[in-house]
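# Fold and geometry: a report
Spelled out, the chains give:
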Amino acid sequence: GAGVSQSPRYKVAKRGQDVALRCDPISGHVSLFWYQQALGQGPEFLTYFQNEAQLDKSGLPSDRFFAERPEGSVSTLKIQRTQQEDSAVYLCASSFPLGQSPLHFGNGTRLTVT
Amino acid sequence: GESVGLHLPTLSVQEGDNSIINCAYSNSASDYFIWYKQESGKGPQFIIDIRSNMDKRQGQRVTVLLNKTVKHLSLQIAATQPGDSAVYFCAENAWETGNQFYFGTGTSLTVIP
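## Some thoughts on the overall build of chain A
Per the secondary structure count, chain A includes 0 helices and 11 strands. Reading the helices (α) and strands (β) of chain A from amino to carboxyl end gives β-β-β-β-β-β-β-β-β-β-β. Taking 2.2 N^0.38 as the reference for a compact globule, 114 residues should give roughly 13 Å; the C-alpha atoms of chain A span a radius of gyration of 13 Å, in line with that estimate. Dimensions along the principal axes, computed over C-alpha positions, put chain A at roughly 40 × 25 × 25 Å.

Put into structure tokens, the structure is as follows:
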């Protein structure tokens, strides 16, 4: 596609529910990143994939957060037993070459946990 | 993680004036920097990048300056337009520590018509 696509655009979950957030990266992009952005803050790194391999998950805040990219394209970020502090915008980004290059971001999924 | 911060959280400029947004970073190993623009309800949009072997890079109406000695980065926007109103983030990356980028808190730029 023309850009990184994320769905749903908005998600409201009751505390304790599980949620799944989807990311369609730019076709052919090798690297995929998930970031969390709290209101009024900069994006915070969560995890990174190179193709289907999750090479860095050091930013995942707890074991309730899980990400996968089984075929090296679409990625899903899953949050189990959501808590109010999980409320944020979840951004996905992709980049093509290996190494240092700009990240191309989607418009994010705004998650609100009530 | 590394600290990437901005000196001014908000900035208001008159349309047509030049804008300067500043950013300080703390990781001396950082060697690649990007400025992003984020409008309300959208993801960050790439503006311009610079590598540590350069101290200046120009784009269309934008210039990024890098001072490695004091670990400072700035974004200059010429002839600021209402469409430039947004939050601006600097992001840093260090090749030796992997692919993740660290973002600053952001500066909100408001252009007054």
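## Describing the side chain of A:Asp86
Residues and elements named next belong to chain A. When you line up the elements, Asp86 lands in the loop between β8 (75-79) and β9 (88-95). Residue classification places Asp86 among the buried residues on the basis of a relative accessible area of 3%. Side-chain polar atoms of Asp86 contact the backbone nitrogen of Gln83, separated by 2.8 Å. In this structure Asp86 touches Gln36, Arg64, Phe65, Ile79, Leu111 and Val113, once residues within four positions along its chain are discounted.

## Notes on the sheet that holds strand β7 (residues 65-68) of chain A
Two orientations exist for strands paired in a sheet by backbone hydrogen bonds: parallel and antiparallel. Residues and elements named next belong to chain A. Pairing is antiparallel in the open sheet, where 4 strands are placed in the order β1-β3-β8-β7. The two strands at the open ends of the sheet, each matched to only one other strand, are β1 (5-7) and β7. Averaged over all neighbouring strand pairs, the angle between strand axes comes to 15°, with direction disregarded. Of the pairings in the sheet, the one linking strand β3 (residues 19-24) to β8 comprises 5 bridges and is antiparallel in character. Looking across to β8, one finds that Ala20 is bridged to Lys78.

## A word on the state of the cysteines
Residue and element names in this part refer to chain B. The tally for this structure, following the rule as stated, stands at 2 disulfides over all chains. Covalent S-S linkage joins Cys23 and Cys90, the inter-sulfur distance amounting to 1.8 Å. Judged by the sign of its S-S torsion, about 50°, the bond between Cys23 and Cys90 is right-handed. With Cys23 in strand β3 (residues 19-25) and Cys90 in strand β9 (residues 86-93), this pair connects stretches of sequence that are 67 residues apart.

What counts, and where the lines are drawn
Residues numbered from 1 in each chain as written. Chains lettered and ligands numbered in written order. Predicted model: local features only at pLDDT ≥ 70, side-chain atom pairs only at ≥ 80, totals over all residues. Heavy atoms only, no water. Helix = DSSP H or I, 4+ residues; strand = E, 2+ residues; numbered from the N terminus. Rg over C-alpha atoms; globule rule 2.2 N^0.38 Å. Buried < 20%, exposed > 50% of the residue type's maximum accessible area, 1.4 Å probe, protein only. Polar contact = N/O pair within 3.5 Å; in protein donor to acceptor, adjacent residues only side chain to side chain. Contact = heavy atoms within 4.5 Å. Pairing = 2+ DSSP bridges. Axes fitted to C-alpha atoms, helices over the stretch in contact; angles between N-to-C directions. Disulfide = S-S within 2.5 Å.

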